[in-house]
Amino acid sequence: MSNHSATASETACQQAPLALMLTCKNIQRSVAFYRDVLGSEMKEAWPDKEKPMWCNMQLDGQSVMLGAAMDPAHAEQACGGD
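Residues numbered from 1 in each chain as written. Predicted model: local features only at pLDDT ≥ 70, side-chain atom pairs only at ≥ 80, totals over all residues. Heavy atoms only, no water.

Visitor: Whenever I open this one, the overall build of the protein chain confuses me. Can you help?
Guide: Across its full length, the protein chain holds three helices and four strands. Taken from the N to the C terminus, the helices and strands of the protein chain come in the order α-β-α-β-β-β-α. Intrachain contacts of the protein chain at a sequence separation of at least 6 include 44% that bridge at least 24 residues. Split by element, the accessible area of the protein chain, about 6,300 Å² in all, is 54% carbon and sulfur. (Helix = DSSP H or I, 4+ residues; strand = E, 2+ residues; numbered from the N terminus. Contact = heavy atoms within 4.5 Å. Areas by Shrake-Rupley, 256 points an atom, 1.4 Å probe, with all protein chains shown as cover.)

Here it is, written out as structure tokens:
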């Protein structure tokens, strides 16, 4: 039996990952940055991966969710009643 106590960094590594949500003026440009520059992978997207209005970019188990900025008056039309 070990008397080893976990350090703060060991404890942090054992915790669930956090997710960050960003609203983007140009989501295509933001996706390209996270994918091409940082090496993230698009895991989910809505309505699709070709022209997302929302997507989840992941790298090493960490998520950055990107959402397209839009005029609130047009949100219901863009979301198709979802």
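Additional details are given in the paragraphs that follow.
Visitor: When you look at the environment of Gln 62 in this model, what are you seeing that I'm missing?
Guide: Structurally, the position occupied by Gln 62 is in strand 4 (residues 62-68). Taking relative accessible area as the criterion, Gln 62 reaches 40% and is therefore assigned partly exposed. For the pair formed by Gln 62 and Pro 17, sequence separation is 45 residues and the distance between their alpha carbons is 5.7 Å. Gln 62 has contacts with Pro 17, Leu 18 and Met 57, leaving out every residue within four places of it along the chain. (Buried < 20%, exposed > 50% of the residue type's maximum accessible area, 1.4 Å probe, protein only.)

Visitor: Any chance you could explain the side chain of Asn 56 here in plain terms?
Guide: Along the polypeptide, Asn 56 turns up in strand 3 (residues 54-59). For Asn 56, a relative accessible area of 7% corresponds to the buried category. Looking at Asn 56, its side chain comes within polar contact range of the side chain of Glu 44, at 2.7 Å. When sequence neighbours within four positions are dropped, the list of residues in contact with Asn 56 reads Glu 41, Met 42, Lys 43, Glu 44, Ser 63, Val 64 and Met 65. (Polar contact = N/O pair within 3.5 Å; in protein donor to acceptor, adjacent residues only side chain to side chain.)

Visitor: Please clarify how unusual backbone geometry should be interpreted in this entry.
Guide: Generally, phi is negative for residues other than glycine and the peptide bonds are trans, each holding for most cases. At the junction of Trp 46 and Pro 47, the peptide bond is cis and its omega measures out at -5° in the coordinates. Secondary-structure assignment places Pro 47 in the loop between strand 2 (41-46) and strand 3. One non-glycine residue, Asp 60, lies in the positive phi region at around 55°. The topology assignment puts Asp 60 in the loop between strand 3 and strand 4.

Function-wise, these values are silent; they only describe arrangement.
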